[in-house]
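Chains, contacts and geometry: an overview
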Protein chains: 4
Amino acid sequence: MIKIGVAGLGRLGLIHAENISNMKNTELTAISNLDETFNKEVAERLNVPYSYTNYDEMIENPELDAVCIATPSGLHTEQIKAAFKKGLHVFCEKPIGLDVEDIKETINIIDENNDKVFHLGFMRRYDEDYQYAKEMIDNGEIGEISIIRSYGIDPIVGLKDFIKFAKKSPSGGLFLDMGVHDIDVIRWLTNAEVIKVWANGTNKAAPELDEVNEIEIGTATMQLDNGVTGFLVLGRTASHGYHVETEIIGTKGMLRIASTPEKNKVTVFNEYGVVRPTSQGFPERFQEAYVLEIRDFVNCIRENRQPEIRALDGLRGTEVAIACQKSFEEDTLVEITY
Amino acid sequence: MIKIGVAGLGRLGLIHAENISNMKNTELTAISNLDETFNKEVAERLNVPYSYTNYDEMIENPELDAVCIATPSGLHTEQIKAAFKKGLHVFCEKPIGLDVEDIKETINIIDENNDKVFHLGFMRRYDEDYQYAKEMIDNGEIGEISIIRSYGIDPIVGLKDFIKFAKKSPSGGLFLDMGVHDIDVIRWLTNAEVIKVWANGTNKAAPELDEVNEIEIGTATMQLDNGVTGFLVLGRTASHGYHVETEIIGTKGMLRIASTPEKNKVTVFNEYGVVRPTSQGFPERFQEAYVLEIRDFVNCIRENRQPEIRALDGLRGTEVAIACQKSFEEDTLVEITY
Amino acid sequence: MIKIGVAGLGRLGLIHAENISNMKNTELTAISNLDETFNKEVAERLNVPYSYTNYDEMIENPELDAVCIATPSGLHTEQIKAAFKKGLHVFCEKPIGLDVEDIKETINIIDENNDKVFHLGFMRRYDEDYQYAKEMIDNGEIGEISIIRSYGIDPIVGLKDFIKFAKKSPSGGLFLDMGVHDIDVIRWLTNAEVIKVWANGTNKAAPELDEVNEIEIGTATMQLDNGVTGFLVLGRTASHGYHVETEIIGTKGMLRIASTPEKNKVTVFNEYGVVRPTSQGFPERFQEAYVLEIRDFVNCIRENRQPEIRALDGLRGTEVAIACQKSFEEDTLVEITY
Amino acid sequence: MIKIGVAGLGRLGLIHAENISNMKNTELTAISNLDETFNKEVAERLNVPYSYTNYDEMIENPELDAVCIATPSGLHTEQIKAAFKKGLHVFCEKPIGLDVEDIKETINIIDENNDKVFHLGFMRRYDEDYQYAKEMIDNGEIGEISIIRSYGIDPIVGLKDFIKFAKKSPSGGLFLDMGVHDIDVIRWLTNAEVIKVWANGTNKAAPELDEVNEIEIGTATMQLDNGVTGFLVLGRTASHGYHVETEIIGTKGMLRIASTPEKNKVTVFNEYGVVRPTSQGFPERFQEAYVLEIRDFVNCIRENRQPEIRALDGLRGTEVAIACQKSFEEDTLVEITY
């Protein structure tokens, strides 16, 4: 029995808590979260033995084998380090942190504790569609990659919540907040590093984002160190749903992953035309991937190995996102050196 | 210069008139139609030298080489015969007629006048999608055919007009009025004859059709003489548009022609989901096919040959449609002998 | 902890065994299967305490709460009855049985033991796509149903195995073996009973099926007691994969479930054109549905309730399938009275 | 009767010749082309009265009303000017020219002769899919445009011919040769001008292009003067066909034009999966658009008006393409000032 404590019970924390609670030979032993009332409700519903309003208290619990960190991004590095001090395995939501130096220092700690599993929440790598594409690419079925295009656009239905959320705690900006997933996908599928970027963006659809110093839609064009061009679109106002799409153009063929964000296999013929209903958010789109990544985390602990995703992937993603943000702000090409 | 007179200026007659008028080395020499005011308008717009309110007068015009008959179905056989008497080539809209004996007699006349071209308006055979499928089938790319399914469903937007129209002149019923196109497609693609049918139908979506003794949606299952099963759906109330679809299941593969009635190559992502706009009626869906069939008619005249579509195809289609109607009325299997 | 024994370790039995073994608060306590060597392998891999070569011995095991029966169809009714005698809850794969009288008698026993859960393996009802369509229909979003069409076509890659299997133990024929799933879907989505059928079929693609008295492809047209027409296609030789599709035409709209049997959300652009990879069999297509149906079975036990699927659904499906087989053999309309 | 001479009988010249020859009230009066044997063949097949091996001789023909120039790009400006001197209307294939100063001078001549029609061959503007999208955009159905992405990728089957062709006469490079179509689409759909670009490219799939100083695939990211970001992919080696696609992301919705380059409405289900056959080149994809643009040219002559496409559109396209080429060569952002 692997015993896990979940820190943070926002949308993602709750998903992890439920997935852990449903997993065989795994126990959701503790939760920590600011809202005591909500904790009680969750503890009761998911049968959680211990409940805390303070992360540091939770990791004192000697029963715990591991923590799953889904707190605001600014807290990640400190919580990772604290968990290692207690001898815990760590699953941490992306990003590792918001500041490059801080992340580098944390990676040192992670490396020193390499008898403990460290796992980073890039769940798209566990999605069966992305896995299928990755395998085709690695098998050479589309030849060498020339171009990769990746879209991550949130549905407009979530905009109000985002603004509320962003007022409380800065998201880090579109490129850091949302872009790291697509940047990771680009690095992972191409096996290459981004060396130069040019980013653009506007607030046309949601001028109210100006107040929170955010943009509504952004693009970044990337040069990779193997000659691949990457093109990234990030947004917060898709009227049709949660649009996560990746295209890979190779010398022998092309792949599109989720070219249309189909909710399921149903097609509706009605007064609007021929309609494919769409996925409405990450909990729905990546439901299975979230289960698989936590299962992999637990299996890593059991099998005493590290996952494929490394802390360095988190650092690289953040470095590229920061370069994009800088490029956007200064309207210029930004080179990245590692 | 081939000189043609068009009889009947309903939706289809007008399409033929315009197509003839736009064709090189062809002249729309005359029109005949009951509504004199409309005739004037059309004659002016399309530059037509002669205009009649009476078919028999039109075919007296010595300049004419050919007629294109797009009048109500009940008039077809008489008009075909009259045209042959005047030594004209004949293009006739489907069906040849409504009564089997009458059609047979007309076919005799057609056969006697085989120095004149007789062409029947099964325009689907000229559609590039159907042509592409036909070629694949004939090349053996899907093996031997086991099952064929064909849908012909009119958009609900046309229902009111149909009821008005049906009150004036009986359509012959769903199977005769609409089914002959799909029956022809089934016979053409399978190279086989229908020998047994079972038909069903209802008026759920349009109870008002009871008044005109029509049904809104009907199905027919067919046994063909080469062991193929055919399945037919006909309707008048598709909310999404004009749904003409044919599927062919072969021993080595399947084909679907217009599985969704896409209007064009545009996909719309909006609050309804991922939407393909749809075709809204036959003038739009078969625009190009109507041009090609008239062009083939003219080429047959020029090259002194007969088209692939024979009058017998019209008879067979009508016989099967009548059997379907009978099967529906008596709720029983109906065999067809030729 | 609910303790379950799985009888039969064919493809489906193994799926159930694995799903039970992965479920929290549930134990795969026993397996029974003829092949002792295979049993050992499975017992070791899935950590199963007890292993039997004999069903009757297994159900003597006093630790068991329930059995999951996935043995050849001819054994089902006896094994159901035996399980109830031991006071066990029963999950049984479709069909309940092959003989109507035998099934009726078994249903009596099931009814007498209604303090025990009886669950039948119509997994399509648990598939999220079918669930989504069912909900739209029940919400009236497509109006009243006029036509339902359902395809169940196995991939040709499985044909050899099927022939081997059919030589050992009769499948009951295409309509009984495969059709019951589609018949259940038709009954479930329309809330109606089939009252008249006409079936057709051939062996064009697989003449070798003659040897085992089977057909390769079959169709059945059905009249339902609410005026709906059903059309069924069953087959064993789809070259493109596992084609399970259902279409529902309503008075206000149409739905298609899995119009193309997409394997995932990846589109491939290569020398063959624009390609959607396809699902290759039921374990892949209904992976999630199999988990959900067993979970529902376990929840029924825990919550002391019966599932939505009733034994009567199994009887009705078998009755319709038998009528189809008879219609096919006698080439005539067959009425069904209940 | 409008009498037109066609200059150049390459693939495009031939298309124009045939379309003119089929158009009512229009005559293909002359052709000029280097290959005398081929001219004879075409003249006979299309019934052309006059045939020349020299453009300047052709335009001496006093019967001509207009010329259609489809010669190598380097000849365009001289031929346009010569035609105006003879008082002819001019249809010219894109690009107007290869050198900006030369084009500007030519535009002056065009402006001086504004009693004569000047039409430029941006046929995509006449494609019904592009027209449909343009109308939706102009109606505000997708709000304000944020991002536009346009792909123009030739099928690999044409690569050998291209290399042969490029050895004889320089294409001007990928951005000028192919890019001007997509650049025009971007300018047209957004009603904006490109002000800054960053281009990338490689020869991975076709290293043999190095010999002719060409690249196989290229991208360009563009900043437009209304805040729109454009992303362009151009290529010569698509294995699946002729991929011309445009996406427009607006504040209220998205459009994709030809997201997959479907050849027709047929779907094939075979051993490769679910396959949509693809368009294999511009003559097929834009067949109808080529007819419509020449028809518009002729109508402009008849109605004494100028087409929507202006010579300035040609200049702008060339300026942007040249900026892309420069950005690619110098690997830097390039600003464009007008």
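1. Digging into the pairing of strand S14 (residues 273–276) of chain C
Looking at chain direction, strand S13 (residues 266–270) of chain C and S14(C) are connected through 3 bridges and run antiparallel. Bridging from a neighbouring strand, C:Asn270 pairs with C:Gly273 of S14(C). Sheet analysis places S14(C) next to strand S14 (residues 273–276) of chain D, joined by 3 bridges and oriented antiparallel. Across the sheet, C:Val274 pairs through a bridge with D:Arg276, a residue of S14(D).

2. What to know about the domain arrangement of chain A
All names here are of chain A. What the domain assignment reports for chain A is domain 1 (2–116) and domain 2 (125–289 + 317–335). Taken residue by residue, the interface counts 10 residues in domain 1 and 9 residues in domain 2. At the boundary of domain 1 with domain 2, total buried surface from both sides reaches about 870 Å², with 68% on carbon and sulfur atoms. Interface area lost by domain 1 to domain 2 is led by Arg11, Lys94 and Leu98, which between them contribute 49%. Counting across the domain 1 and domain 2 interface gives 0 salt bridges. If you look at where domain 1 meets domain 2, you find 1 residue pair in polar contact (both at pLDDT 80 or more). Listed by contribution, the elements that provide at least two residues to the side of domain 1 that touches domain 2 are helix H1 (11–22) and helix H5 (100–112). Here the side of domain 1 that touches domain 2 is composed, by residue class, of 6 nonpolar, 1 polar and 3 charged.

3. Some words on the relation of the copies chain A and chain D
The relation between the two chain copies is a rotation about an axis coupled with a shift along that axis. Superposition record for chain A on chain D: RMSD 0.0 Å, screw rotation 180°, translation along axis 0.0 Å. Given the turn and translation reported, the copies of this chain are related as if by a two-fold rotation axis. Interface overlap between copies: 100% of the residues of chain A at the interface are likewise at the interface in chain D, consistent with a symmetric, same-surface contact.

4. Section: the interface of chain A and chain D
Counting residues at the interface gives 40 residues for chain A, matched by 40 residues for chain D. For the pairing of chain A and chain D, the buried interface totals around 3,100 Å² over both sides, and the portion due to carbon and sulfur atoms is 59%. Taken together, chain A and chain D are joined by 4 salt bridges. Across the pair D:Glu245 and A:Arg256 runs a salt bridge, and its minimum N-O distance is 2.5 Å. Counting across the chain A and chain D interface gives 21 residue pairs in polar contact (both at pLDDT 80 or more). Elements represented by at least two residues in the side of chain A that touches chain D include exactly strand S7 (145–155), strand S8 (194–202), strand S9 (217–224), strand S10 (229–238), strand S11 (243–250) and strand S12 (254–257) of chain A. Looking at side-chain class alone, the side of chain A that touches chain D contains 14 nonpolar, 17 polar and 9 charged residues.

5. A word on the nonpolar core
If you look at the biggest cluster of nonpolar residues, it comprises 156 residues, and the most contacted ones within it are C:Val67, C:Phe118, C:Met222, D:Val67, D:Phe118 and D:Met222. In this view, C:Phe118 contacts C:Ile80, C:Phe84, C:Val90, C:Cys92, C:Ile96, C:Ile110, C:Gln306, C:Pro307, C:Ile309, C:Arg310 and C:Ala311; residues no more than four positions away in its chain are not counted. Counting residues in each nonpolar core, the second largest holds 155 residues, with A:Ala7, B:Val90, B:Val244 and B:Phe286 among its members.

6. Some thoughts on the packing of aromatic side chains
Each aromatic ring pair is specified by the distance between its two centres and by the angle formed by the two planes. As enumerated under the stated definition, the model contains 28 aromatic pairs over all chains in all. Between the aromatic rings of B:Phe231 and C:Phe231, the centroid separation amounts to 3.7 Å while the plane-to-plane angle is 0°, which identifies the pairing as stacked. With one member in each of two chains, B:Phe231 in strand S10 (residues 229–238) and C:Phe231 in strand S10 (residues 229–238) form a pair that bridges those chains. The exposure classification of B:Phe231 matches that of C:Phe231, with both residues buried.

Rules of the game
- Residues numbered from 1 in each chain as written.
- Chains lettered and ligands numbered in written order.
- Predicted model: local features only at pLDDT ≥ 70, side-chain atom pairs only at ≥ 80, totals over all residues.
- Heavy atoms only, no water.
- Pairing = 2+ DSSP bridges.
- Helix = DSSP H or I, 4+ residues; strand = E, 2+ residues; numbered from the N terminus.
- Domains from an automatic or database assignment.
- Contact = heavy atoms within 4.5 Å.
- Buried area = accessible area lost by both parts, 1.4 Å probe.
- Salt bridge = Lys/Arg side-chain N within 4 Å of Asp/Glu carboxyl O.
- Polar contact = N/O pair within 3.5 Å; in protein donor to acceptor, adjacent residues only side chain to side chain.
- Nonpolar A, V, L, I, M, F, W, Y, C, P; charged D, E, K, R; others polar.
- Least-squares fit on C-alpha atoms with pLDDT ≥ 70 in both.
- Core = buried A, V, L, I, M, F, W, Y, C linked by side-chain atoms within 4.5 Å.
- Buried < 20%, exposed > 50% of the residue type's maximum accessible area, 1.4 Å probe, protein only.
- Phe/Tyr/Trp six-rings, centres within 6.5 Å; stacked < 30°, edge-to-face > 60°.

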